Amino acid sequence: WEYPEAMNKQLGYVLGIVLAALIQARLLPELGLERAINLPIVLLIVTASADRRTLVLAAATLAGLTIDVTLLRPLGLTSLAMVAGVLVASQIRGAGDALLPKRFAALLFGLAASSLTILLLSSGGANRIGENAFALVANLLVGGALAAFGQRRRRGYQFDQSLRG
């Protein structure tokens, strides 16, 4: 008995996002970058689309719970912020192959929704507006680079028949 290939890809995606959450919770604080970039939410938002919404929402929930458990936070806060960002981004991006400006707008509004959710639900977040603005710019730069790389890579797949199958 073996999983279909699509199921393996979906499981790999979810495990990859959970690994990004563990990197966010354990490695980035050691490097002093935990507030500069939010790796799991950037990856989730860049890969969110209307076609894959259910998979990305499941990954967001697991990644958020992983971060909350690892950092001993109240369960569900990080998941809720990630889910809000994914829902906004996937709605803006829509289904299919979106152009880079649409992907960037989805990234911007998804990150804003995620940040706003954290700001509204956590106490004491309003005094770090400058820090949050820097993090938003850093996340936009990383996410924009990932979106551009992904779009370029997909276009290469569209024209290379040897990669299909």
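Above this text sits the structure in question.
Scoring rules and cut-offs
Throughout, residues of each chain are indexed from 1 in the direction in which the sequence is written. Reporting of local features is limited, given that this is a predicted model, to residues whose pLDDT is at least 70; pairs of side-chain atoms are given and counted only at 80 or more, and all residues count toward the totals for whole chains, interfaces and linings. Side-chain calculation: all heavy atoms of the structure are included, whereas hydrogens and water are not. Helix and strand definitions follow DSSP, with helices as H or I runs of at least four residues and strands as E runs of at least two, each counted in order from the N terminus. Burial classes: relative accessible area under 20% of the type maximum marks a residue as buried, over 50% as exposed, and values in between as partly exposed (1.4 Å probe, protein chains only). Residue contacts follow a heavy-atom distance rule, with two residues in contact if any of their heavy atoms lie within 4.5 Å. Working rule for helices: expected span equals 1.5 Å times residues minus one. Consider a residue and the seven residues that end there alongside the seven that start there; fitting an axis to each set, the bend is the angle between those axes. Polar contact is the term for a pair of N or O atoms within 3.5 Å; when the atoms are in protein, one must be able to donate a hydrogen and the other to accept it, and sequence-neighboring residues count only if both atoms are side-chain atoms. Each axis is a line fitted through C-alpha atoms, and for a helix only the stretch in contact is used; angles between axes span 0 to 180 degrees, taken between their N-to-C directions. Orientation labels follow simple angle bins: below 35 degrees gives roughly parallel, above 145 gives roughly antiparallel, 65 to 115 gives roughly perpendicular, and whatever is left gives oblique. By the definition used in this description, the sense in which the near helix is turned from the far one sets the handedness, with an anticlockwise turn below a right angle giving left-handed and a clockwise turn giving right-handed. Under the convention adopted here, Pro, Cys and the residues Ala, Val, Leu, Ile, Met, Phe, Trp and Tyr are nonpolar, Asp, Glu, Lys and Arg are charged, and Gly plus all remaining residues are polar. In this description, a nonpolar core means a group of buried Ala, Val, Leu, Ile, Met, Phe, Trp, Tyr and Cys residues linked to one another through side-chain atoms lying within 4.5 Å. Working definition: the arc comes from the directions between the helix axis and the C-beta atoms, pointing outward to the latter. Stacked, edge-to-face and tilted are the three classes for Phe, Tyr and Trp ring pairs, Trp counted by its six-membered ring, which pair at centre distances within 6.5 Å; planes under 30 degrees apart are stacked, over 60 edge-to-face, the rest tilted. Only Lys NZ and Arg CZ are tested; either one counts as a charge over a ring when it is within 6 Å of the ring centre and within 35 degrees of the ring normal. A patch consists of residues whose relative accessible area exceeds 30% and which take part in no salt bridge; residues with like charges are grouped when within 9 Å of each other, and nonpolar side chains (Val, Leu, Ile, Met, Phe, Trp, Tyr) when within 5 Å. Surface exposure here means Shrake-Rupley accessible area, sampled with a 1.4 Å probe, where a residue is shielded only by the protein chains that are shown. Any Lys or Arg side-chain nitrogen found within 4 Å of a carboxyl oxygen on Asp or Glu counts as a salt bridge.

A. Spatial organisation of the overall build of the protein. Looking only at helices and strands, one finds 6 helices and 0 strands in the protein. For the protein, with 165 residues in total, the buried portion stands at 36%. Considering only contacts in the protein between residues 6 or more positions apart, those separated by 24 or more positions represent 67%.

B. Seen up close, helix α1 (residues 5-31). In a regular helix each residue adds 1.5 Å, so 27 residues correspond to 39 Å; α1 covers 36 Å between its end C-alpha atoms and thus fits that length. At Q24, α1 shows its strongest bend, of approximately 40 degrees. Among the residues of α1, those classed as buried are Y13, V14, I17, V18, A20, A21, Q24, A25 and L28. Looking at the buried residues of α1, the elements they touch are α2 (39-47) and α3 (53-70). With its phi angle positive at about 75 degrees, G32 sits one or two positions after the end of α1.

C. Inspection of unusual backbone geometry at higher detail. If you check the backbone angles, L72 has positive phi at about 55 degrees while not being a glycine. By secondary structure assignment, the location of L72 is in the loop between α3 and α4 (77-93).

D. Focus on the side chain of R93. On the secondary structure map, R93 appears in helix α4. According to the relative accessible area criterion, R93 is buried, its value standing at 9%. At a separation of 3.4 Å, a polar atom in the side chain of R93 contacts the main-chain carbonyl oxygen of V46. One polar contact links the side chain of R93 to the main-chain carbonyl oxygen of A48, over a distance of 3.0 Å.

E. How the structure looks around the packing of α4 against helix α5 (residues 100-121). Where α4 contacts α5, the axes come no closer than 8 Å and their chain directions differ by 155 degrees. By the angle between their directions, the pair α4 and α5 is classed as roughly antiparallel. Read as a crossing pair, α4 and α5 show a hand that is right-handed. Facing α4, whose interface residues are L77, L80, A81, M82, A84, G85, V88, A89, I92 and R93, α5 presents K102, R103, A105, A106, F109, G110, A113, S114, T117, I118 and L121. Class assignment for the residues of the contact of α4 with α5 results in 14 nonpolar, 4 polar and 3 charged.

F. Local environment of the nonpolar core. Within the largest apolar cluster, 25 residues are counted, with the highest numbers of intra-cluster contacts made by Y13, L44, M82 and L111. Residue assignment for this core shows that the elements contributing at least two residues are α1, α2, α3, α4, α5 and α6 (129-159). A total of 6 residues in this core trace back to one element, the largest contributor, which is α3.

G. Layout of α5. Helix length check: α5 (22 residues) gives 31 Å between terminal C-alpha atoms against 32 Å at 1.5 Å per residue, within 8%. If you check which residues of α5 are buried, you get R103, A106, L107, G110, L111, A113, S114 and T117. Within α5, the buried residues cover an arc of 160 degrees as seen down the axis, which keeps them to one side. Pointing more than 90 degrees away from the buried face of α5 are the exposed residues P101 and L120.

H. A look at the packing of aromatic side chains. By the definition in use, this model includes 0 aromatic pairs. The lysine or arginine in question, R52, covers the ring of Y13, its NZ or CZ lying 4.7 Å from the ring centre.

I. Inspection of a nonpolar patch on the surface at higher detail. Taken together, L80, L116, L120 and L121 make up a surface patch of nonpolar side chains, about 410 Å² in accessible area. Looking at the nonpolar patch, the element that brings in the most residues is α5, giving 3 residues. The topology assignment puts L116 in helix α5.

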